[in-house]
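Listed here are the chains, written in short residue letters.
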Amino acid sequence: MGLVYCGIDEAGYGPLLGPLCVGAATLLIESWQEGDPAPDLWSLLGGAVCRKPDRGSKGAASTSRIAVDDSKNLKLPNSSTARDPLVHLERGVLTFLRCKPTGPEEEPSEPADDAGLFRCLGIGAAPARWYGGDPICCPRSCSSGAMGISANLLRRELAAASVSVEQMACRLMGEQEFNRVVERAGTKAATTELGIGHHLATVWKQWAMQPSAHTVRVVCDRQSGRTQYGASLVRMLASEGVRVAANVLEESAARSRYELRGKDARGAEARMVVMFMPEAESQHLPVALASMIAKLVRELFMSRFNRFWAVRMPELKPTAGYRQDGWRWLEELGSVASESERVAMIRRA
């Protein structure tokens, strides 16, 4: 028996501008047995991964361990001139992606640019024209050869621990879809529910409903201060065409746990456990990796966003899209954007 261990987290829930991104990372731990505690992958993979960049590390070009943590701890300030602000996010995501086996019809796991990365993560067409243009080189903070060294280091550690990278994905929601979802549901929380539901449905269909001996566990970062998610889980999955019942295992300030049960086409019972907890990125490596996926994708889309508008107004200072700076940016943009463009790019919640 093994453990299918999935983490889900978002980036971009609060900003005024730019997309909402919900990332997911799924690993399989073959050595895990039912009843064992959640595996500490930082310990299991300790020869290749760490929580903070190794002291003295020169970045992705070195043979240091790969930092995996909450994206807020790894993203460098945009004002950084000595190093690319995305160096640690890029190294972590691209290294794990290179260690994920790909089938004959899947996108190669060594993307040469951001467009290839988006396809690897299941992201389709750009949601607005300001995210278009030529692809951005990827990796941009190091050479492909240096990334290959990091991947070889991680592959050896994964093999030694009987761990495999099964899935890495991101659900991207552009501004116009974001606004439609909020208007239809009457609550901003529906946007993250849609992204989480998308990933839960994938885990359910690919692993929970398959005839195997694997146990399936999903960990999500808690959404605000909520402790009750049973009805939301049923609703999330119903919107993705999955019918389940949610049994409450625990609802407390520390965690909310649910057992989801349903049946496959043959009538066989399928189940998985889903948990929401605060600061899940600090306790579960798949959630930290999901956080990094979501943040990297959002930052790359914002790079495209700023590039598009800089062509029309070269002196315009870039924005990360957060509310205070977003309003500054819109004021400076002035009449360069039409009224219809301004309406389309502003998130109304």
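Rules and cut-offs
Residues numbered from 1 in each chain as written. Predicted model: local features only at pLDDT ≥ 70, side-chain atom pairs only at ≥ 80, totals over all residues. Heavy atoms only, no water. Helix = DSSP H or I, 4+ residues; strand = E, 2+ residues; numbered from the N terminus. Rg over C-alpha atoms; globule rule 2.2 N^0.38 Å. Buried < 20%, exposed > 50% of the residue type's maximum accessible area, 1.4 Å probe, protein only. Contact = heavy atoms within 4.5 Å. Core = buried A, V, L, I, M, F, W, Y, C linked by side-chain atoms within 4.5 Å. Axes fitted to C-alpha atoms, helices over the stretch in contact; angles between N-to-C directions. Left-handed = near helix turned anticlockwise from the far one by under 90°. Nonpolar A, V, L, I, M, F, W, Y, C, P; charged D, E, K, R; others polar. Pairing = 2+ DSSP bridges. Disulfide = S-S within 2.5 Å. Parallel < 35°, antiparallel > 145°, perpendicular 65-115°, else oblique. pLDDT = per-residue confidence, 0-100.

1. Some thoughts on the overall build of the protein
Along its length, the protein carries 11 helices and nine strands. A compact globule built from 349 residues would reach a C-alpha radius of gyration of about 20 Å, and the protein, at 20 Å, matches this within 12%. A principal-axis box enclosing the C-alpha atoms of the protein has dimensions of 60 × 50 × 40 Å. A total of 349 residues make up the protein; the buried ones form 54% of that total. Restricting the contact set of the protein to residue pairs at least 6 apart, pairs at least 24 apart contribute 70%.

2. What to know about the nonpolar core
By size, the foremost hydrophobic cluster in this structure holds 76 residues, and its most contacted members are Val68, Phe96 and Met345. Residues contacting phenylalanine 96, with those up to four places away along its chain left out, are Leu27, Val49, Val68, Leu154, Val165, Met168, Leu285 and Leu289. One finds Met173, Leu200, Val203 and Val218 within the second-largest nonpolar core, a separate group that totals 34 residues.

3. Considerations on the packing of helix H3 (residues 87-98) against helix H5 (residues 144-160)
Taken N-terminus to C-terminus, the directions of H3 and H5 make an angle of 65 degrees; their axes are 9 Å apart at the nearest point. The two elements H3 and H5 meet at a crossing, and its hand is right-handed. Residues Glu90, Arg91, Leu94, Thr95, Phe96 and Arg98 of H3 pack against Ser144, Met147, Gly148, Ser150, Ala151, Leu154 and Arg155 of H5. Residue classes in the contact of H3 with H5 are distributed as five nonpolar, four polar and four charged.

4. Quick look at the sheet that holds strand S2 (residues 20-29)
Sheet strands line up and pair through hydrogen bonds in the backbone, either parallel or antiparallel. Read from one edge to the other, the open sheet built from seven strands follows the order S5-S2-S1-S6-S9-S8-S7, with strand pairing classed as mixed. Where the open sheet ends on each side, the last strands, each with one partner, are strand S5 (163-173) and strand S7 (245-251). Strand-to-strand twist in this sheet, taken as the mean axis angle between neighbours without regard to direction, amounts to 20 degrees. In this sheet, strand S6 (residues 215-221) lies alongside strand S1 (residues 3-11) in parallel orientation, the contact comprising six bridges. By the bridge assignment for S6, isoleucine 8 is matched with cysteine 220.

5. Digging into the pairing of strand S8 (residues 256-263)
Inspection of the sheet shows S7 paired to S8 by six bridges, in the antiparallel sense. Within the sheet, the bridge partner assigned to valine 248 lies in S8 and is tyrosine 258. Connecting S7 to the antiparallel partner S8 that follows it, the hairpin turn spans four residues. In this sheet, strand S9 (residues 269-277) lies alongside S8 in antiparallel orientation, the contact comprising eight bridges. Within S9, the residue paired with arginine 261 across the bridge is arginine 271.

6. What about the state of the cysteines?
One pass over the full model with this rule turns up zero disulfides. In this structure cysteine 137 is a free cysteine whose sulfur lies 7.2 Å from that of cysteine 138, the closest cysteine sulfur available. The exposure class assigned to cysteine 137 is exposed, which follows from its relative accessible area of 52%. Taking the relative accessible area as the measure of exposure, cysteine 138 reaches 3% and is therefore buried.

7. Brief notes about the packing of helix H7 (residues 189-208) against helix H8 (residues 230-238)
One can describe the packing of H7 onto H8 by two numbers: an axis separation of 8 Å at closest approach and a directional angle of 70 degrees. Relative to H8, the element H7 lies roughly perpendicular. Listed contacts from H8 to Glu193, Ile196, Gly197, Leu200 and Ala201 of H7 are Ser232, Leu233, Arg235, Met236 and Leu237. A per-class count over the contact of H7 with H8 returns six nonpolar, two polar and two charged.

8. Overview of the confidence of the model for the protein
Taken over all residues, the pLDDT of the protein has a mean of 92, while the share at 70 or more is 95%. Per-element confidence in the protein is highest for S2, whose mean pLDDT is 98, and lowest for H5, whose mean pLDDT is 92.

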